[in-house]
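A closer look at the structure
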Amino acid sequence: GENVEQHPSTLSVQEGDSAVIKCTYSDSASNYFPWYKQELGKRPQLIIDIRSNVGEKKDQRIAVTLNKTAKHFSLHITETQPEDSAVYFCAASPSNDYKLSFGAGTTVTVRA
Amino acid sequence: GAGVSQSPSNKVTEKGKDVELRCDPISGHTALYWYRQSLGQGLEFLIYFQGNSAPDKSGLPSDRFSAERTGGSVSTLTIQRTQQEDSAVYLCASSFEGGNSPLHFGNGTRLTVT
């Protein structure tokens, strides 16, 4: 099955700086890569996703890049703000027949 | 459009008792997942239902855990003979088609075993 590894496990950044979280996956057939944000005490929510037919996707201050050859994808948050403090999870799946596999999560703390 | 609904939101039970947790997915979603999340930890996969296919039970931690999904909609997760280490938040999620569709999570059931 798919195995997703996520790094770093914790990340502290100064407000206004950028944050980057990286994930690698094992199944070369994986073609869907979402990112979820979980604020303290709340449920995970989708913030951005990318499919394997594109290499990059942006939505305001967040962007995701995908390198299919290397089997890794990354989340980039620019101009970080205190409300970006949360746990972020990456995930991957090869098809609708298989479950979405999650990384272990990255706790991001934005220092004011 | 209601989201994923889970009940109860909180459950306190005594060690050794059985508990049932309920999940109502978004209408029309064919895929349903159960996860367990201990305090400050990641998402521990438990079980995955997709349409009429046999469920992926590879994440169930022991035979005390079981889940069913009736009529392709509501799901119940049952934990028999609860242990203190079962204390966690149990999250349900559904998606429209399966692994290649965005997951929508419920608010979870916080289970405390005393």
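Predicted model only: the values in this text are computed from it and were never measured.

A separate point is the overall build of chain B. Of the regular secondary structure elements, chain B holds zero helices and ten strands. In summary, chain B has a C-alpha radius of gyration of 13 Å against a globular reference of 13 Å for 114 residues, a match within 12%. In terms of its C-alpha atoms, chain B occupies a principal-axis envelope of roughly 40 × 25 × 25 Å. At a minimum sequence separation of 6, the contacts of chain B that also span at least 24 residues come to 56%. Accessible surface, chain B as shown: approximately 5,400 Å² in total, 44% of it carbon and sulfur. Side-chain charges of chain B comprise 10 positive and 11 negative groups, with the mean position of each set lying 4 Å from the other.

Another point: the pattern of salt bridges. For side chains bearing opposite charge, pairing can occur when the charged atoms are close. Taken as a whole, this structure holds seven salt bridges over all chains when the rule is applied. Across the pair Lys57 of chain A and Asp49 of chain A runs a salt bridge, and its minimum N-O distance is 3.1 Å. The class for Lys57 of chain A is partly exposed, based on a relative accessible area of 35%. Since its relative accessible area comes to 14%, Asp49 of chain A is described here as buried. Here Asp56 of chain B ties to Lys99 of chain A by a salt bridge, and the two come within 3.3 Å at their closest N and O atoms. Residue Asp56 of chain B is found in the loop between strand S5 (44-50) and strand S6 (65-69), and its partner Lys99 of chain A is found in the loop between strand S9 (86-92) and strand S10 (101-102); the two belong to separate chains. With a relative accessible area of 24%, Asp56 of chain B lands in the partly exposed category.

Right, let's get into the pairing of S6 of chain B. The two faces of S6 of chain B differ: Phe65, Ala67 and Arg69 of chain B on one face are buried, but Ser66 and Glu68 of chain B on the other face are not. Counting the residues in the hairpin turn of S6 of chain B and strand S7 (residues 75-79) of chain B gives five residues, including Gly71 of chain B, whose phi is positive at 60°.

Think of a ball as big as a water molecule: rolled over the atoms, this probe shows where empty space is left. Looking at the largest pocket, its volume works out to about 680 Å³. Lining the largest pocket are 35 residues, with Gln38, Leu40 and Gly41 of chain A together with Gln37 and Gly40 of chain B sitting closest to its centre. When residues of the lining of the largest pocket are traced back to their parent elements, those giving at least two are S9 and strand S11 (106-111) of chain A together with strand S8 (88-95) and strand S10 (109-113) of chain B. When grouped by side-chain class, the residues that make up the lining of the largest pocket number eleven nonpolar, 20 polar and four charged.

Okay, the environment of Thr65 of chain A next. Residue and element names in this part refer to chain A. Structurally, Thr65 can be placed in strand S7 (residues 62-67). Sequence separation of Thr65 and Asp97 is 32 residues, and the distance between their C-alpha atoms is 24 Å. Leave out the neighbours within four places in its chain, and Thr65 touches Gly55, Glu56, His72, Phe73, Ser74 and His76. A polar contact is formed between the side chain of Thr65 and the side chain of His76, at a distance of 3.4 Å.

Conventions used here
Residues numbered from 1 in each chain as written. Chains lettered and ligands numbered in written order. Predicted model: local features only at pLDDT ≥ 70, side-chain atom pairs only at ≥ 80, totals over all residues. Heavy atoms only, no water. Helix = DSSP H or I, 4+ residues; strand = E, 2+ residues; numbered from the N terminus. Rg over C-alpha atoms; globule rule 2.2 N^0.38 Å. Contact = heavy atoms within 4.5 Å. Areas by Shrake-Rupley, 256 points an atom, 1.4 Å probe, with all protein chains shown as cover. Lys, Arg positive; Asp, Glu negative; His and termini not counted. Charge placed at Lys NZ, Arg CZ, Asp CG, Glu CD. Salt bridge = Lys/Arg side-chain N within 4 Å of Asp/Glu carboxyl O. Buried < 20%, exposed > 50% of the residue type's maximum accessible area, 1.4 Å probe, protein only. Pairing = 2+ DSSP bridges. 1 Å grid on protein atoms, 1.4 Å probe; cavity = no way out; pocket = protein on both sides within 12 Å on 5 of 7 lines; lining within 4 Å. Points joined across faces, edges and corners; volume = space filled by probe spheres on them. Nonpolar A, V, L, I, M, F, W, Y, C, P; charged D, E, K, R; others polar. Polar contact = N/O pair within 3.5 Å; in protein donor to acceptor, adjacent residues only side chain to side chain.

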